[in-house]
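A closer look at the structure
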Amino acid sequence: MIKRTNMKNNIVQYPKIQTGRHLLKRLSGSADNCIFNDPVTYRFNDFMTYCRQSAIIRNIVSPMNRIRDEPSVCRFIEGGIGKSTITALAANYLHNVKGYNVAVIDCDAPQHSIYGLRDRETKLIDESRYFKALACEHFRKLKRNAYPVIASDAVNALDDAEKLISGEAVKPDIVFFDMPGTLKSNGVVKTLSQMDYIFAPMSADRFVVESTLQFAAMFRNNLMTTGRSKTKGLYLFWTMVDGREKNGLYDVYEDVIADMGLSILSTRLPDSKKFRRDLSEERKSVFRSTIFPTEASLLKGSGIREFSEEICKIITGR
């Protein structure tokens, strides 16, 4: 049974891992060493370079149950299939529509896409009487503030999340981590191993699919099933789906995924220009935002509602 973080007397109590006990205070070996072995390294970095590692959802874990070993210093590699956008949109939907208290830790240094989006929106609201009035009306109806967005990195992400929670009057129910684009960035593997749920995007490109499946299988076999990770669920999902592609292609891929014992979401996110539609003076309607809810007319057909509802059911059990 999947549980969220429980609060009792203002003390965070954490769910147990699948073995029925909490993760050891210190792991017997380095999570990095479980992964960074040739030829495994190349497969992981192929996936991360071309696919951009997933939107991460995590319930906060106790500092006593975390890994604090310093990882090896490696270089950041650029990539992109919209995982930051999906993170922002899912967080927006769960916060503004579903009523959950959400927080986002933007670990994707140095660009910090989600944090940058929040900064641009805040400045636009400050400079525009129209958007200032719109924001006041939105918060009056919502009866809560915008969800917090913290700029961090993979090394400091867990500490920054704990500082955020300790300082928030209203504790977040769900914390999203937007991770860097390569597992060889400092701290990524160790932070990933402390996620409760990982949602990994992939597009219907043979190379991307093969690399993603390698990533998922190796993370499960080397970390999840060995007790080196506290992750309770790793889920793949389709993004950038071209409407001209035949559904049979995805069915073939999903048969392979099922044979491997991996999980995939039923929601498929389309390749659409609306995913790049931010708040601006020229456009009063908005799709991608960290403050305002997505316009209902734009939300239709985007898959974001269905995607968010699906991951919400996985996290909360309802």
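Because the structure is a prediction, the values reported are computed rather than measured.

Scoring rules and cut-offs
- Residues numbered from 1 in each chain as written.
- Predicted model: local features only at pLDDT ≥ 70, side-chain atom pairs only at ≥ 80, totals over all residues.
- Heavy atoms only, no water.
- Helix = DSSP H or I, 4+ residues; strand = E, 2+ residues; numbered from the N terminus.
- Buried < 20%, exposed > 50% of the residue type's maximum accessible area, 1.4 Å probe, protein only.
- Contact = heavy atoms within 4.5 Å.
- Core = buried A, V, L, I, M, F, W, Y, C linked by side-chain atoms within 4.5 Å.
- Polar contact = N/O pair within 3.5 Å; in protein donor to acceptor, adjacent residues only side chain to side chain.
- Phe/Tyr/Trp six-rings, centres within 6.5 Å; stacked < 30°, edge-to-face > 60°.

**Looking at the side chain of T85**
- Secondary-structure assignment places T85 in helix 3 (residues 83–96).
- For T85, a relative accessible area of 12% puts it in the buried group.
- Sequence-distant contacts of T85, that is, excluding residues within four places in its chain, are made with F275 and R288.

**Overview of the environment of I264**
- Take I264: it is sitting in strand 9 (residues 263–270).
- By relative accessible area, I264 is classed as partly exposed at 23%.
- In this structure the C-alpha to C-alpha distance between I264 and F237, which are 27 residues apart in sequence, comes to 5.5 Å.
- Contacts of I264, omitting those with residues within four sequence positions, involve M202, L236, F237, W238, E254 and I257.

**Section: the nonpolar core**
- Counting residues in hydrophobic clusters, the biggest one holds 36 residues, and the most contacted among them are I105, F177, L192, F219, L234 and L236.
- The set of elements that each furnish at least two residues to this core consists of strand 4 (102–106), helix 6 (157–167), strand 6 (174–178), helix 7 (188–192), strand 7 (197–202), helix 8 (206–224), strand 8 (233–241) and helix 9 (247–259).
- The leading source of residues in this core is helix 8, at eight residues.
- In this structure, I105 is in contact with I150, S152, A157, A161, L164, V175, F176, F177 and D178, ignoring residues within four places of it in sequence.
- Residues A88, Y100, Y235 and F237 belong to the second largest nonpolar core, which totals 31 residues.

**Observations concerning the side chain of D278**
- In this structure, D278 sits in the loop between strand 9 and helix 10 (296–299).
- Side-chain polar atoms of D278 contact the side chain of R288, separated by 2.5 Å.

**Let's talk about the packing of aromatic side chains**
- The full count for this structure, using the stated rule, is seven aromatic pairs.
- Aromatic side chains Y130 and F131 sit 5.0 Å apart centroid to centroid with 75° between the ring planes, which places their arrangement in the edge-to-face category.
- Given a relative accessible area of 0%, F131 falls into the buried group.
- A network of ring pairs unites the aromatic residues W238, Y250 and Y253 as a single cluster.

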